[in-house]
Amino acid sequence: MKEFTLKIIAPDRVFFEGPVTAVEFNTTEGQIGVLPAHVPMTVIVKPGVLTIYEEEQMKIAALHAGFAEILQDRVTILAEVIEWPDEIDEERALAAKQRAQERLQTKTPETDIARAETALLRALARISVLK
């Protein structure tokens, strides 16, 4: 087996579905790379760059959160938010990065640190996909 089926489902659409040779993305346990016949598991997705390897090309997207089910012949990702590079507003991503960094630098008792860190990771994922 040299390919498996990847299906990425967002709340508003089926983002991607098709045969791939590999996929890479971030989880709460670190970055994971999945190849055909991978050990079955379920993981929590963490914001970062998703890389899809097809037979002839590579695609990238900004994946923000969700869950992934990994089986030997298929991977299903349920994404809260996922974007292709042409769907990302660079100015908005840069502004979000700046706001998150400011919140983390000027912490107050009301600052939700986990939320600010997640916002920063999402902005960095968007910016990385655009580079």
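What counts and what doesn't
- Residues numbered from 1 in each chain as written.
- Predicted model: local features only at pLDDT ≥ 70, side-chain atom pairs only at ≥ 80, totals over all residues.
- Heavy atoms only, no water.
- Helix = DSSP H or I, 4+ residues; strand = E, 2+ residues; numbered from the N terminus.
- Buried < 20%, exposed > 50% of the residue type's maximum accessible area, 1.4 Å probe, protein only.
- Contact = heavy atoms within 4.5 Å.
- Areas by Shrake-Rupley, 256 points an atom, 1.4 Å probe, with all protein chains shown as cover.
- Patch = residues over 30% accessible without salt bridge, like charges linked within 9 Å, V, L, I, M, F, W, Y side chains within 5 Å.
- Salt bridge = Lys/Arg side-chain N within 4 Å of Asp/Glu carboxyl O.
- Expected span 1.5 Å × (residues − 1).
- Arc of directions from axis to C-beta.

A few words now on the overall build of the chain. Of regular secondary structure, the chain possesses 2 helices and 8 strands. Along the chain, helices and strands appear, N-terminal first, in the series β-β-β-β-β-β-β-β-α-α. In the chain, which comprises 131 residues, the share counted as buried stands at 40%. A separation of at least 24 residues holds for 53% of the contacts in the chain among residues at least 6 apart in sequence. Accessible area for the chain stands at about 7700 Å²; split by element, carbon and sulfur atoms hold 50% of it.

Checked against the element boundaries, Ile88 lands in the loop between β8 (74-83) and α1 (90-105). Residue Ile88 is classed as buried on the basis of its relative accessible area, which comes to 10%. Once the C-alpha coordinates of Ile88 and Thr51 are considered, the two residues, 37 residues apart in sequence, prove to be 16 Å apart. Contact partners of Ile88, with chain neighbours within four places excluded, come to Ala62, Glu83, Ala93, Arg126, Val129 and Leu130.

Nonpolar side chains collect at one region of the surface, where Ile44, Phe67 and Leu78 lie side by side and expose about 290 Å² of accessible area between them. Classification of Ile44 as partly exposed rests on a relative accessible area of 42%.

This part is about α1. Under the 1.5 Å per step criterion, the end-to-end length of α1 is 23 Å for 16 residues, consistent within 8% with the ideal 22 Å. All of the buried residues in α1 are Ala93, Ala96, Ala100 and Leu104. Summarising the axial view, the buried residues of α1 lie within an arc of 65°, below the 170-degree limit, and thus occupy one face. Of the residues in α1, the exposed ones pointing more than 90 degrees away from the buried face are Glu91 and Gln105.

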